[in-house]
Amino acid sequence: MTTTTSQDIAAAFQNIKEHALSKWQELWDGKRPVIMVSAATCGRSAGALEVLEAIKDELGGEQQDVQVMEVGCMGHCYAEPLVIIKKPGNPTIVYGYITPEKARRLVKDYIRGEDVSPEFALGAFEENELIPSIYDLPRFKHEKYILLENIGRIDPEDIQHYIAKGGYEALAKALQMQPEDIIEEVRKSGLRGRGGAGFPAAHKWEVCRSSPGKVKFLICNADEGDPGAFMDRAILESDPHSVIEGLLIAAYTIGARHGYIYVRAEYPLAVHRVEIALSQAQSLGLLGKNILGSSFSFDIKPFQGSGAFVCGEETALIASLEGKPGLPHHRPPFPASKGLNGKPTVINNVKTLAYVPRIIRNGAEWFSSIGTEKSKGTAVFALAGKVVNTGLTEVPMGTTLRQIIFDVGGGIPKGRRFKAVQIGGPSGGCLPESALDMPIDFDSLKEVGAMMGSGGMVVLDEDDCMVEVARYFLEFTQRESCGKCTMCRLGTRQMLAMLEDFTCGRGQMGDLDTLMELAEDVKAGSLCGLGKTSPNPVLTTMRYFRDEYKAHIEEKRCPALMCHDLIAYYILPEKCERSCDACVGTCTVEAISSDKKRIKVIDQAKCVKCGTCLTACPPQYNAVIKLSPPEKVPAPAKD
Amino acid sequence: MQGASNEPPISNAKIVNTPEEQEDIRRKTGKVLKRFNRKRENLVPILQQVQDELGYLPREAMLETAEYLRLPEVDVYGVVTFYNQFRLKPPGKHSIRVCLGTACHMKGGYILLDAWKRRLKIDRGETTSDREYDLDTVACVGCCAMAPVNVIDKKAEGRVSPTRVDGILLAYKMEKEKKEKQEQ
């Protein structure tokens, strides 16, 4: 590339940037209040759209005096729906747990009045005298936002916001660099693929770039199939342009002309926002022909994955893009040399691509200064399950599990005890308390039998049965097995049958050894990651929680009181309050009746063990309990 | 055996559409096909759009698609049955999707599935005989923080309880009765 075009690119981008900045300043003009409603899928399921509606309705004719906009997910899913308000002269305040009624009050009291309503506030973005800063929360001591920096702060459906925040600057810079230099920069940064296995990104790019042939493809893998993971969805819904910019830089580097974003069809909002983002980028000349006036052209098509877990595996993903069933095939040849339609293809995870613009902008040294020796940068986790602060978090590699679960996540709710954490979904494992102080990165997790996976982290407490967890994951992989390899197709089915026997109280002691053997065989006899890693949840639970397996087999007892067939609900007569009928009314199958003394009794034959009575029983009585094995329930008194 | 009961049998053969319905299916499928060229890579997007249009993939739609893309019929059927998204049965008026992702499962998603099954008297993957509701599971909708989640008519609803199941059904019933009254 000659120097003249280099200058042209810089000038073309400068124009775009100045326009975006002026738009951004218009929004934050300091005259009108700005109200932002966090409305990604998670916020919407908590009622964000109703909140938005209430705000607009309450504002009525004053709408032009207030800027109301939808933003993405801030990661604080536990407090959804979130509303962020910036009133001129005041700090930016985040409000949590907002209902339509509370939203109306915020408009009345704060937008029109002067009451900042600290009772709903989670904190402020800036240091101030009114409200404590949100950064004083213990979680921010450990968190470091790279991928999540824009999330919940910008309107994902407005490209100007992303550009104003420094977006597409890296693209303009990259277009003035030689592709080899970009590969070198990414190599120096130490970026490893965030899809789970941690393969060095630069290496993949280089293989593809040096593969012969003019036609090359680039695919963004957003087929986030791990149950329990939602980072990719949140990024696509809240900051789609960061992924698109990553794709553009990667495409320029490897010499690809066409790209795909492979999103799950289960993420309709993500698909929608990606489509908007693509058309906006196109209209500004950041996508399509002769990007920023350079000779580089690239187009991106969104493709909806149809719900097959195995399609997260790259060769299966390619098969499904070609219109075939998603069956993986043997590697080599690797897609980087022979992929989509037989052409060299790079497949990168959403997060991997979203790191790229930041690395180009801030330099390799900046990125490699974060994290551990072999795993650079940050890790994004989706915290879910029995943890107080469910949601997204981003921490430097090398942070310990204890810091993530207890400091960021706020520990276990209701004073229960931590039991295990499930990392990496069906390919990962369950780690016990003893692993909590291990600094996590790609390699340390593999050593203890788990895996980074895509970053789902489900916290389990003493009420969760580890045998059931293993059965659940195996049921999932068994159903999702594509059926190509015998060990995966039939081996997982046998393993599942054994685990079902355990949870139903039909297990025998010898089964544990057979299960272990079979697990090793399935690992060895499967072609792709799905089969190879499917025994991980079983192996880790057997390794760390063998006692629970024993209780299920020898005593037909579920220590966590979870396995359906091994428990019974029982109302303690001495605790049951005669004047209270809470459980009777809520029982979904009318299995509870009062005896002569007005003490409530459960008809065990009718009971479906839904647990509604246990939730309904007022805490001052606490009369409903679970017993295991069910034979422990005393025979009903005869009178 | 418990293991075998997880996957409902595919009994598409039972659904026979009248000649008029078949004609309608072909017409609507044809409309979708016109948007695509005849490359195989369009198979999945075509099927997705046909399903959007018809709610499911009837035999006639698959045959039309196979002919258009010049593919053996079995290849189309193979793709349809491989992916979880595609339905071979007509949907109900209201779709109920129970999320069984890890977080939802651990927080009682399976209990909710039981509650729906009990109330609607159908298994996952089935439609009630009055075609009001269809019930299915979904691997994960990505709202793990709101577990357990149900997706009712494409709207995700968080922190659902078995009693909420009855509430949702009651609301639909009342809405239907109200509509019927208005029509009278």
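Comments concerning the overall build of chain B
- Secondary structure summary: chain B contains seven helices and five strands in total.
- When the helices and strands of chain B are listed from N to C terminus, the series reads α-α-α-α-β-α-α-β-β-β-β-α.
- Summarising its shape, the C-alpha atoms of chain B cover approximately 50 × 45 × 35 Å along the three principal directions.
- Across the 184 residues of chain B, 38% fall into the buried class.
- Relative to all contacts within chain B whose residues are 6 or more apart in sequence, the contacts with residues 24 or more apart total 63%.

Re the overall build of chain A
- If you tally the helices and strands in chain A, you get 24 helices and 18 strands.
- If one aligns the C-alpha atoms of chain A with their principal axes, the spans along those axes are about 100 × 65 × 40 Å.
- Counting over 639 residues, chain A shows a buried share of 53%.

Some thoughts on unusual backbone geometry
- For the bond from A:R331 to A:P332, the omega torsion is -5°, close enough to zero to count as cis.
- If you trace the backbone, A:P332 turns up in the loop between α12 (314–321) and β9 (345–349).
- Looking along the chain, the bond that leaves B:A147 and enters B:P148 is cis, with omega of -5°.
- Topologically, B:P148 is positioned in the loop between β3 (133–138) and β4 (150–152).
- Although it is not a glycine, A:Y97 sits at a positive phi angle of roughly 55°.
- Here A:Y97 falls in the partly exposed class, since 14 other C-beta atoms lie within 10 Å of it.
- At A:N622, a position not held by glycine, the phi torsion is positive, near 50°.
- Secondary-structure assignment places A:N622 in the loop between α24 (612–616) and β18 (624–627).
- Looking at A:N622, the number of C-beta atoms within 10 Å reads 11, which means it is exposed.

With respect to the packing of helix α9 (residues 231–238) of chain A against helix α13 (residues 350–362) of chain A
Residues and elements named next belong to chain A.
- Running from N to C, α9 and α13 point in directions that differ by 45°, and their axes come no closer than 9 Å. With respect to α13, the element α9 is oriented oblique. Within the contact between the two elements, α9 uses M231, D232, I235 and L236 and α13 uses V350, K351 and A354.
- Tallied by class, residues from the contact of α9 with α13 come to five nonpolar, no polar and two charged.

Topic: the sheet that holds strand β10 (residues 378–385) of chain A
Residues and elements named next belong to chain A.
- If you walk across this open sheet you meet the five strands as β11-β10-β14-β12-β13, and the pairing is mixed. In the strand order of this sheet, the two ends are held by β11 (391–396) and β13 (429–432), each with one partner. Each strand axis lies, on average, 30° off the axis of its neighbour in the sheet, ignoring direction.
- The sheet contact formed by β10 and β11 spans six bridges and is antiparallel. Directly across from A379, in β11, lies its bridge partner V395.
- Seen against the sheet, helix α15 (residues 401–408) touches β10, β11, β12 (418–423), β13 and β14 (456–461) and runs at an angle of roughly 135° to β11.

Here we look at the interface of chain B and chain A
- Across the boundary between the two partners, chain B contributes 44 residues, which contact 50 residues of chain A.
- Elements supplying a minimum of two residues to the side of chain B that touches chain A: α2 (43–54), α4 (73–82), α5 (102–106), α6 (109–120), β5 (155–157) and α7 (162–183) of chain B.
- Classifying every residue of the side of chain B that touches chain A by side-chain character gives 22 nonpolar, 16 polar and six charged.

Notes on the sheet that holds strand β7 (residues 258–264) of chain A
All names here are of chain A.
- Strand order in the open sheet formed by four strands is β8-β7-β6-β9, and the pairing between neighbours is parallel. In this open sheet, the two edge strands, each paired with only one partner strand, are β8 (299–305) and β9. Here the average twist between neighbouring strands, direction ignored, is 20°.
- Bridging between strand β6 (residues 217–222) and β9 involves five bridges; their strand directions are parallel.

Examining the domain arrangement of chain A
- Split into domains, chain A comes out as domain 1 (32–136), domain 2 (159–368), domain 3 (378–461), domain 4 (466–554) and domain 5 (567–632).
- Domain 1 of chain A and domain 5 of chain A are separated by 42 Å when their C-alpha centres are compared.

Regarding the packing of helix α10 (residues 240–254) of chain A against helix α11 (residues 268–283) of chain A
Residues and elements named next belong to chain A.
- Two elements in contact, α10 and α11, have axes separated by 9 Å at closest approach and are oriented at 55°. Considering their axes alone, α10 and α11 lie oblique with respect to each other. For the element pair α10 and α11, the recorded crossing hand is right-handed. Two secondary-structure elements touch here, α10 through P240, H241 and I244 and α11 through R273, V274, A277, L278 and A281.
- Taken together, the residues of the contact of α10 with α11 break down into six nonpolar, one polar and one charged.

Observations concerning the environment of A:F367
- With respect to the element layout, A:F367 can be found in helix α14 (residues 364–368).
- The class of A:F367 is buried, set by 23 C-beta atoms lying within 10 Å.

Some details on the domain arrangement of chain B
- Along its sequence, chain B is organised into domain 1 (15–82) and domain 2 (94–183).
- One C-alpha centre belongs to domain 1 of chain B, the other to domain 2 of chain B; they are set 28 Å apart.

Details of the environment of A:V83
Residue and element names in this part refer to chain A.
- Note that V83 resides in strand β3 (residues 83–86).
- In this structure V83 comes out as buried when scored by C-beta crowding, with 26 C-beta atoms within 10 Å.
- Discounting chain neighbours no more than four positions away, the residues touching V83 are I35, V37, V51, Y95, I98, A103 and L106.

Examining helix α17 (residues 466–480) of chain A
- Over its 15 residues, α17(A) runs 21 Å from end to end, which matches the ideal 21 Å to within 8%, given 1.5 Å per residue.
- The buried count for α17(A) comes to 13 of 15 residues, which makes it a mostly enclosed element.

Quick word on the pairing of strand β1 (residues 94–99) of chain B
- Alignment of β1(B) against β3(B), held across six bridges, turns out to be parallel. If you follow B:V98 over to β3(B), its bridge partner there is B:T137.

A short note on the environment of A:G312
Residues and elements named next belong to chain A.
- Its place among the elements puts G312 in the loop between β8 and α12.
- Taking the C-alpha atoms as reference points, G312 and P328, 16 residues apart in sequence, are found 9.9 Å from one another.
- Sequence-distant contacts of G312, defined by excluding residues within four places in its chain, comprise N221, D223, G225 and L317.

Quick look at the confidence of the model for chain B
- For chain B, per-residue confidence averages 88 on the pLDDT scale, and 92% of positions sit at 70 or higher.
- Confidence drops under a pLDDT of 50 for residues 1–13 of chain B, and excluding neighbours within four residues, the segment shows 14 contacts in the predicted structure.

Reading the values: the criteria
- Residues numbered from 1 in each chain as written.
- Chains lettered and ligands numbered in written order.
- Predicted model: local features only at pLDDT ≥ 70, side-chain atom pairs only at ≥ 80, totals over all residues.
- Helix = DSSP H or I, 4+ residues; strand = E, 2+ residues; numbered from the N terminus.
- Buried ≥ 20, exposed ≤ 12 C-beta atoms within 10 Å, placed from the backbone.
- Contact = placed C-beta atoms within 7 Å.
- Axes fitted to C-alpha atoms, helices over the stretch in contact; angles between N-to-C directions.
- Parallel < 35°, antiparallel > 145°, perpendicular 65-115°, else oblique.
- Nonpolar A, V, L, I, M, F, W, Y, C, P; charged D, E, K, R; others polar.
- Pairing = 2+ DSSP bridges.
- Domains from an automatic or database assignment.
- Left-handed = near helix turned anticlockwise from the far one by under 90°.
- Expected span 1.5 Å × (residues − 1).
- pLDDT = per-residue confidence, 0-100.

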